[in-house]
Amino acid sequence: MMLLWLILLPMAGGAAAWAAARWSATAARIIALAATAGQFALACAVWADSGADLALNVDWAWVPNLGIRFSLFVDGLSLLLVMLTGLLGVQCVLASWRSIRQRVGFFHFNMLWTLAGVTGVFLARDLFLFYVFWEMMLIPLYFLIRVWGHQRRLYASLKFFIFTQAGGLFLLLGILGLHIVHAGQTGERTFDYLRLLHSHMPLPWAVLLMVAFLISFAVKLPAVPVHTWLPEAHTEAPTAGSVLLAGLVLKAGGYGMLRLAVPLFPAAAPHVAPVAMILGAIGIIYGAVLALGQSDLKRLVAYSSVSHMGFVMLGIFAWNELSLQGAVIVMLAHGLSTGAMFILVGMVDERLHTRDLGRLGGLWAATPRLGGVAMVLVTASLGLPGLAGFVGELLVLLGTFKVSAPLAAVAAGGLVLSAAYSLRIMQETFHGPRLDQRTLPDLTPREWATMAAMLAGLFWMGLWPQRFLDTSRPAVTQMQRSAAPGEGRP
């Protein structure tokens, strides 16, 4: 039941916040904060109690005639991502405390139901249930962008909806195709992940179905060339929406590639992996180059996500322990660092009412504590040793080098570019001549609390990553066994 509570807490909290907002917006915020904090505390309790030795399951019949079950499970990989979900949920509530003043209850309802959908994706064992949670993320996120977004929110929300809905259609077709093939081979109608792991099918079918899964996950990741919804959605979304997108929704794409795309189709993976690795390397360079050319601070951070997620795709399809462990750490590190960067951009926007780099500058003198936090975040983004990003990207590069030295070299070039755009953020926002001479408030206690947890996580993973590596290793090893040569071959 503990796994079910991880999903029910944000759902119930969202409904309660919506209802309470009729009487008090502050009560709605407090309820949302309590629900997200409760989810985070529950996930941490599971981690502290079980570590990597996890055996929690929920398994009920849902539509028995079609082989659909309400089935959840957790291992080290899922647990780390659920913990990230809870933590970012708390930060989203805190970051929206003052900036969201219209329809406060409905805002928190959508935010918490997005968190519930993301959590369900990370916990679902039944693939049909996985699809339900996958789609459940879409509608609340659409409303977050559509209702509380910035000037071009209509265009951004529509583009986000079309891309992700089309990706979801490919996922549904892939799941149904796998179900039909498995039923034809065994006579068993099931959507159970563990049973479908060992489906045998002709190679062309395996490649076709894997590509269907991969397209859907590539849209969410996002990978080049299906990434174009992301800069618009990130830029136009409210701060909490950007944090949810960068910190969690993108991770759902990486999780799908890691958990489903390769292990379910081990025979097809060697044929698809080279193309996927090339797309990952292109994404690293392409995202970084476009980030360098942006004048909008939020759009710059958005394009940097395309670059960072390229490391995730590269590491997953290199498919060895180093690269897979690295991909997991990159997902966690990016969730913290880029989530915090979007919150920081929101703080700058609240103070100056602009994100135009040409109109910023000299903020360090006016807001030194905000500048210090920004310095840590940009160094985390560029992969400075001692911070989480360095561990993840180093492991991905080492793992990729074993498979393809040229692609590892290309990816390493992305680190140089990330240093360039990260330093540009500091130079053009916090140094140089100050154009706005108004007195600006520095970090408030609430803003300090928002940032402190993110910074602590970045330093913890950067200085003592072993606890996180030990948690994810059993799951990574099990997935490697499932995708070992011979599995899934006809």
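Residues numbered from 1 in each chain as written. Predicted model: local features only at pLDDT ≥ 70, side-chain atom pairs only at ≥ 80, totals over all residues. Heavy atoms only, no water.

Overview of the pairing of strand β1 (residues 57-63)
Inference 1: Pairing analysis gives six bridges linking β1 to strand β2 (residues 68-73), with the strands arranged antiparallel. Bridge pairing links Val58 to Leu72 in β2.
Inference 2: Connecting the antiparallel pair β1 and β2 is a turn made up of four residues, with Gly67 showing a positive phi of about 75°. (Pairing = 2+ DSSP bridges. Helix = DSSP H or I, 4+ residues; strand = E, 2+ residues; numbered from the N terminus.)

Structural notes on helix α12 (residues 269-292)
Inference 1: Its 24 residues place the ends of α12 34 Å apart at the C-alpha level, agreeing with the 34 Å of an ideal helix rising 1.5 Å per residue.
Inference 2: Each element contacted by the buried residues of α12 is listed here: α9 (203-220), α13 (297-318), α17 (388-403) and α18 (405-430). (Expected span 1.5 Å × (residues − 1). Contact = heavy atoms within 4.5 Å.)

Comments concerning the side chain of Asp192
Inference 1: Looking at where Asp192 falls in the secondary structure, it is placed in the loop between α7 (153-186) and α8 (193-196).
Inference 2: Asp192 gets classed as buried once you look at its relative accessible area, which sits at 7%.
Inference 3: Sequence-distant contacts of Asp192, defined by excluding residues within four places in its chain, comprise Ser71, Arg125 and Asp126. (Buried < 20%, exposed > 50% of the residue type's maximum accessible area, 1.4 Å probe, protein only.)

Notes on the packing of aromatic side chains
Inference 1: If you walk through the whole model with that rule in mind, you get 23 aromatic pairs.
Inference 2: When the ring of Phe130 is compared with that of Phe217, the centres are 6.3 Å apart and the planes differ by 90°; the resulting orientation is edge-to-face. Remark: Phe217 occurs in helix α9 and Phe130 occurs in helix α5 (residues 127-136); sequence separation between them is 87 residues. We note that Phe130, like Phe217, is buried.
Inference 3: Looking at Arg467, its charged tip hangs above the ring of Trp47, at a distance of 4.2 Å from the centre. (Phe/Tyr/Trp six-rings, centres within 6.5 Å; stacked < 30°, edge-to-face > 60°. Lys NZ or Arg CZ within 6 Å of the ring centre and 35° of its normal.)

A short note on the layout of surface pockets
Inference 1: There is about 490 Å³ of room inside the largest pocket.
Inference 2: Put simply, the parts of the chain that give the lining of the largest pocket at least two residues each are α11 (239-261), α14 (321-352) and α19 (445-463).
Inference 3: Counting residues per element, the lining of the largest pocket draws most heavily on α14, which supplies six residues.
Inference 4: Across the lining of the largest pocket, the residue classes tally to nine nonpolar, eight polar and eight charged. (1 Å grid on protein atoms, 1.4 Å probe; cavity = no way out; pocket = protein on both sides within 12 Å on 5 of 7 lines; lining within 4 Å. Points joined across faces, edges and corners; volume = space filled by probe spheres on them. Nonpolar A, V, L, I, M, F, W, Y, C, P; charged D, E, K, R; others polar.)

With respect to the confidence of the model for the protein
Inference 1: In the predicted model, the protein carries a mean pLDDT of 91, and 97% of its residues have values of at least 70.
Inference 2: For the protein, β1 is the element with the lowest average pLDDT, namely 87, and helix α4 (residues 104-123) is the one with the highest, namely 96. (pLDDT = per-residue confidence, 0-100.)

Structural notes on the nonpolar core
Inference 1: Formed by 177 residues in total, the largest nonpolar core has its most connected members in Leu72, Leu127, Phe213, Leu264, Phe265 and Phe317.
Inference 2: Among the elements that take part in this core, α14 stands out by supplying 18 residues, more than any other.
Inference 3: Contact partners of Phe317, with chain neighbours within four places excluded, come to Met210, Leu214, Met257, Val262, Ala273, Ala276 and Met277. (Core = buried A, V, L, I, M, F, W, Y, C linked by side-chain atoms within 4.5 Å.)

Side note on unusual backbone geometry
What you tend to see is this: most non-glycine residues have negative phi, and most peptide bonds are trans.
Inference 1: The step from Leu221 to Pro222 runs through a cis peptide bond, and the omega angle for that step is 0°.
Inference 2: For Pro222, the position within the fold is in the loop between α9 and α10 (229-236).
Inference 3: Note the cis peptide between Val224 and Pro225, where omega equals 10°.
Inference 4: Look at His353: it is not a glycine, yet its phi comes out positive at around 60°.
Inference 5: Following the sequence through the fold, His353 ends up in the loop between α14 and α15 (363-366).

Quick look at the pattern of salt bridges
As a working rule, side chains carrying opposite charge can pair if their charged atoms are close by.
Inference 1: Counted by the stated rule, this structure contains 13 salt bridges.
Inference 2: Linking Arg195 and Glu188 is a salt bridge whose minimum nitrogen-to-oxygen distance equals 3.1 Å.
Inference 3: Owing to a relative accessible area of 48%, Arg195 belongs among the partly exposed residues under this scheme.
Inference 4: A relative accessible area of 26% means that Glu188 is categorised as partly exposed.
Inference 5: Arg473 is the salt-bridge partner of Asp470, the closest N and O atoms lying 3.0 Å from each other. Note that Asp470 and Arg473 are positioned in helix α20 (residues 466-482) at a spacing of three residues, about one turn of the helix.
Inference 6: The exposure class assigned to Asp470 is partly exposed, which follows from its relative accessible area of 33%. (Salt bridge = Lys/Arg side-chain N within 4 Å of Asp/Glu carboxyl O.)

Describing α19
Inference 1: If you check α19, its first and last C-alpha atoms are 26 Å apart, about what 19 residues at 1.5 Å a residue would give, namely 27 Å.
Inference 2: Where α19 is buried, its residues meet α3 (76-95), α14, α16 (368-381), α17 and α20.

As for the packing of α7 against α10
Inference 1: Where α7 contacts α10, the axes come no closer than 9 Å and their chain directions differ by 135°. The orientation of α7 with respect to α10, classified from their angle, is oblique. Crossing geometry of α7 relative to α10 is assigned as left-handed. Where α7 abuts α10, its residues Arg153, Tyr155, Ala156, Lys159, Phe160 and Phe163 lie against Trp229, Glu232, Ala233 and Glu236.
Inference 2: Residues belonging to the contact of α7 with α10 are distributed by class as follows: six nonpolar, no polar and four charged. (Axes fitted to C-alpha atoms, helices over the stretch in contact; angles between N-to-C directions. Parallel < 35°, antiparallel > 145°, perpendicular 65-115°, else oblique. Left-handed = near helix turned anticlockwise from the far one by under 90°.)

So, the environment of Ala43
Inference 1: Inspection of the secondary structure assignment puts Ala43 in helix α2 (residues 25-50).
Inference 2: Sequence separation between Ala43 and Leu84 is 41 residues, and the spatial gap between their C-alpha atoms is 9.2 Å.
Inference 3: What Ala43 contacts, discounting residues up to four positions off in sequence, is Leu6, Leu79, Val82 and Met83.

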